[in-house]
Amino acid sequence: MGYQLDFSKVLQGEYFDLILQGLQTTMVLFVISWVLGLILAIFLTVVRAIEFRPTQFLVAAFVEYHRNVPILIQLFVWYFGFAVVLPDVVNDYLNDIGAEIGYAIVALALNKAAYMSEDFRSGLRSIHPAQMEAARAIGLTYLGAMKWVILPQAWRLALPALLGQTLILFKGTSLAAGIGVAELSYQARYVEEQSFRIFEAYGVVTAIYMLISFAIMWASSVLSTRYRLRVK
Amino acid sequence: MLDILQEYGVLLLIGEYPHGKLGGLAMTLIISFVSLIVTFPCAILIALARTGKNKPLKRLASGFVHCVRAIPLLMLIFWAYFALPVVIGIPIDATYTLIIAIVIYQTAYLGEIIASGIEGLPKGQMEAAEALGLGYIPTTFRILLPQALFNVIPGIVNQLTTIIKESSLGSIIAVPELSYAMLQVNSNEVTKPLQIFGILAATYFVLCFALSQATGVLERRISNRRTGRVVVEAVA
Amino acid sequence: MIAFHSVSKRYGALQVIHDISATVEKGTTIVLCGPSGSGKSTLVRTVNRLEPIQSGRITVAGRDIHAKSVDVNTLRSGIGFVFQHFNLFPHLTVVDNVMLPLRRLRGQSRKQALPTAMLMLERVGLADRAQSLPADISGGQAQRVAIARSLILKPEILILDEPTSALDPEMVGEVLKLLRELSGGGITLMCVTHEMGFAREVADRIWFLKGGRLTFDASPDLFFSQEAHPDVRGFLSSIHRNH
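Now for a description of the structure that goes with this document. Here the structure is a predicted model, which is why all the values come from computation and not from measurement. (Residues numbered from 1 in each chain as written. Chains lettered and ligands numbered in written order. Predicted model: local features only at pLDDT ≥ 70, side-chain atom pairs only at ≥ 80, totals over all residues. Heavy atoms only, no water.)

## Points about the interface of chain C and chain A
For the record, the criterion: The contact criterion used is simple: two residues touch if any of their non-hydrogen atoms lie within 4.5 Å. Two parts placed together each lose some accessible area; with a 1.4 Å probe, that loss summed over both constitutes the buried area. Criterion for a salt bridge: a side-chain nitrogen of Lys or Arg within 4 Å of a carboxyl oxygen of Asp or Glu. N or O atoms closer than or at 3.5 Å make up a polar contact, with two conditions inside protein: a donor-capable atom paired with an acceptor-capable one, and, for residues adjacent in sequence, both atoms drawn from side chains. In this text, helices come from DSSP runs of H or I with a minimum length of four residues, and strands from runs of E with a minimum of two, each type numbered from the N-terminal end. Gly is placed with the polar residues, together with every amino acid not listed as nonpolar (Ala, Val, Leu, Ile, Met, Phe, Trp, Tyr, Cys and Pro) or charged (Asp, Glu, Lys and Arg).
Counting from both sides, the interface comprises 29 residues of chain C and, opposite them, 20 residues of chain A. Surface buried jointly by chain C and chain A totals about 2,100 Å² across both partners, of which 62% is contributed by carbon and sulfur atoms. Put simply, chain C and chain A have two salt bridges between them. The closest approach of N and O atoms between Arg 230 of chain A and Asp 136 of chain C, which form a salt bridge, is 2.6 Å. Inspection of the chain C/chain A interface yields five residue pairs in polar contact (both at pLDDT 80 or more). Listing elements by their share of the side of chain C that touches chain A, those giving two or more residues are helix H2 (72-77), strand S6 (79-82), helix H3 (94-104) and helix H5 (139-151) of chain C. A per-element tally of the side of chain C that touches chain A places H2 of chain C first, with four residues. Its residues assigned to classes, the side of chain C that touches chain A comprises 17 nonpolar, seven polar and five charged.

## Topic: the packing of aromatic side chains
Just so we agree on the cut-off: A pair of Phe, Tyr and Trp rings is counted when the ring centres sit within 6.5 Å of each other, with Trp represented by its six-membered ring. The angle between the planes then sorts it: under 30 degrees is stacked, over 60 is edge-to-face, the rest tilted. Partly exposed residues are those whose accessible area sits between 20% and 50% of the maximum for their type, while under 20% is buried and over 50% is exposed, using a 1.4 Å probe and protein chains only. By definition, being over a ring means that NZ of Lys or CZ of Arg is both within 6 Å of the ring centre and within 35 degrees of the ring normal.
For the structure on display, the rule yields 23 aromatic pairs over all chains. Aromatic pair Phe 76 of chain A and Phe 80 of chain A: ring centres 5.6 Å apart, planes at 55°, arrangement tilted. Note that Phe 76 of chain A and Phe 80 of chain A are positioned in helix H4 (residues 71-85) at a spacing of four residues, about one turn of the helix. Under the relative-accessibility criterion, Phe 76 of chain A is labelled buried at 1%. Ring geometry for Tyr 105 of chain B and Tyr 109 of chain B: centres 5.1 Å apart, planes at 55°, overall tilted. With Tyr 105 of chain B and Tyr 109 of chain B both in helix H5 (residues 94-119) and four residues apart, the pair spans about one turn of that helix. Lying across the ring of Tyr 227 of chain A, Arg 226 of chain A places its NZ or CZ 4.7 Å from the centre. The positively charged end of Arg 149 of chain C is found above the aromatic ring belonging to Phe 89 of chain C, 4.4 Å away from the centroid.

## As for the nonpolar core
Taken as a class, soluble globular proteins show a tendency for nonpolar side chains to be buried jointly. Put simply, the test is: Among the buried residues, those of types Ala, Val, Leu, Ile, Met, Phe, Trp, Tyr and Cys that are joined through side-chain atoms within 4.5 Å form a nonpolar core.
Membership of the largest hydrophobic core comes to 111 residues, with the highest contact counts inside it found for Ile 73 of chain A together with Met 75, Phe 78 and Ile 114 of chain B. Of the residues forming this core, the biggest block, 14 residues, is contributed by H5 of chain B. Judged by nonpolar contacts, the second largest core, of 55 residues, contains Met 120, Ile 147, Cys 191 and Phe 208 of chain C.

Scope: geometric values only; no functional claims are made or implied.
Pasting the structure below:
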């Protein structure tokens, strides 16, 4: 075979810089999509809880779309499809400032919001109705009961699933490479193409992913244990 | 939209066959089913290692699962597509590398599901088999696995849905499946991306939604008929 | 203190309470008993409006509880309610459970509410379990915490819906002991229970319900005597047969 492993080319100089830039882009995608997704998920859960068939149906449709269509395709729909809706001037501007990342954030955030709202919903549903009754019997208002009794339990119950979604989101940022966002996977391939160091390039990037993933997995385990809800 | 379907319908369904390679939706389905079938025995091995008594084996399987779960599927695909041919010295068709990557990835997840299924069986099953003097292999294969696998049928169908969605990543390495076919149509018909990708999304939606409804039905029917835990999703 | 005036209640087509009229004098202890489905739990749950009624009037301290001027939350904070299945809040410690009404209804800070809560826990004998979570204490302990929580705002009325029915036999005693002490203390008590020994000891009056009607309302002496209503005697003998 005659292939000599040489990590030095990849671990320093411009290739390493590219990898670091990729990492930075990945983290930007990850964090912003996560925050936006979470906020939207809370909003969706509240909307769905209101007993109004049309809005409930809309939220359900939103969730089902994002659960049944591959994330990559969701990215395509936004990047290719939505751009057509915008006027040319806007598109030119967006392309100049590297708008792919914006589309990627939107797609990832919406996708995560769908999954997270389902997790919240099942967290809420698994709370026994007697809890609300007991909270009202004490004299709490409906909002007070939600704030002090129901929601504190709901988020604790939804926590393991939410943390699972966090890991999935982190790995999902790699799909942005499919629409040209220069995140970590994209840079891995670029560096490999340019430097011909296949194993080193992919090896380093894989190691970076694993490190961060393990960190997320560890944090998830610690948090789920700390906030585990045991019902009598 | 209809005109796109009319013009490219055949391409989208079966690719360039018979003038070229099979592709499109047919390819997506073939890749998905083949991946699932190849994953199946591997996942069972992982599950047995995870729930067995052999400590080193258990840790090995555990390590495998944790490592695979820490890597994005796309990276695995890159490894299989770019690195593997170099390692074994012969070129590999993109389609096979996609399948290999999906198999490795899903072995970890499906393995976890089956392991959950095994652990969800009442303890009495194992004890009864041991009391009868059955050795490890008969116990496992004739008593535990059949029940565990039956209980995780919804989980298996669910993973098939996931695999179908994951096959779309093949479009990044030019595997001629449905998404890649659509990308080609889009480069032809530059002005209609919304319709094109709308059709693409709708196709996956119909496929996966139908499967997830089937999963739900299966879950209910199996819950009624069996003891032990019915598993639908990979436990975190 | 509490008065029922021709109260009726339906669940859809099913009539659960038929035209019940009765009064509970201030400071007395009323025990409600009867066969399953007789409406006794439903009746006590109407007092704090956990169950709505279709006709009749219920007054507490002279005021119609369904009047527009009555705020349901104020009403409920003045009535202690204890559930069969305790219903402690699992995400809060024992002392946080007991403190909740003080903190969230009276706006007290943790510092202000803690001494009162600890005193109440001592009263029910669980001060040493203050930092435990509901999942880590026994059923009898949980029910005593629930009672402490219901009394923290010093209500004048305490309602208990089968407080010992979900407990293992060895824990029933500790809860009944607490209830006996409370009963003697001047609070107006309404308790749905199957514990007839308890009823005999502490009740000022016993109400027997059957099929949604208040069939018999009597002092314990009369209730357990030969002159009691035949349905009551049938009920009591069936309990004896099963014990």
